[in-house]
Amino acid sequence: YPSGHIVQVVQSQYTTHFEQTINSGDGWDYLNDGSNDLKVAITPSDNSHKILVTFSIGALTANTGSSGGHGLGVVIDRGGTAISINTSGDGNPHGSFIAHQYNGTYSAHRGSYSVLDSPATTSEVLYKLKLVSHTNSDYVIGFNRSLTAGDYGYDGYRTTTASNFIAMEIVA
């Protein structure tokens, strides 16, 4: 295959919403729906190929218990190793990106984050997200949902969403 050719594409689609309790005092927690860590897995056909990983998140709420502003640190994890993280020497958590909610009932983080990785293997590679909470306390985060969830009719700001984790093998 020529350089830049896409060899394979794998997608994990998450179409339900859930809550998860995390605490930064416990370190980084994997994003977990209560049964399984959310992930996308790919097995490269050549160890020189690169993997373009994209996490497209419909909604991620940093604290379902409050309408105040809160931040949620997020790390992309490849097989137990954090990748694409900040390397500054300060005492703050070093993440790949931050999800936040603004002051207000209507807010949740949504967006995409991509990284071109070089795993240098032909074995299965698992990409997951790890989270660290706003502060050293228990926070209940919401995935694929806004701050307020429940059966409230057709209020658009309470829309539940889908999220897609995509991995593409690309010839280097």
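See above for the structure.
## Details of the environment of Y113
Right, on to step 1. Along the polypeptide, Y113 turns up in strand β9 (residues 109-117).
Right, on to step 2. Exposure remark for Y113: the relative accessible area of 21% places this residue in the partly exposed category.
Right, on to step 3. Look past the residues within four positions of Y113 in its chain and what remains in contact with it is V53, T54, F55, I76, S84, S96 and F97.
Right, on to step 4. Polar contacts involving the side chain of Y113 include one to the side chain of S84, which spans 2.9 Å.

## Focus: unusual backbone geometry
Right, on to step 1. In this model, S84 sits at a positive phi of 55°, which is unusual for a non-glycine residue.
Right, on to step 2. Of note, S84 is situated in the loop between β7 (81-83) and β8 (97-101).
Right, on to step 3. Its identity as a non-glycine residue notwithstanding, A120 has a phi of 55°, on the positive side.

## Here's the deal with the pairing of strand β5 (residues 50-61)
Right, on to step 1. Relative to strand β12 (residues 163-170), β5 runs antiparallel, the two being bridged by seven bridges. What sits directly across from I51, in β12, is E169.
Right, on to step 2. Note that β5 and β9 share eight bridges and pair antiparallel. Note on β9: the bridge partner recorded for L52 is L116.

The rules we used
- Residues numbered from 1 in each chain as written.
- Predicted model: local features only at pLDDT ≥ 70, side-chain atom pairs only at ≥ 80, totals over all residues.
- Heavy atoms only, no water.
- Helix = DSSP H or I, 4+ residues; strand = E, 2+ residues; numbered from the N terminus.
- Buried < 20%, exposed > 50% of the residue type's maximum accessible area, 1.4 Å probe, protein only.
- Contact = heavy atoms within 4.5 Å.
- Polar contact = N/O pair within 3.5 Å; in protein donor to acceptor, adjacent residues only side chain to side chain.
- Pairing = 2+ DSSP bridges.

Read these as layout, nothing more, since geometry by itself doesn't imply function.
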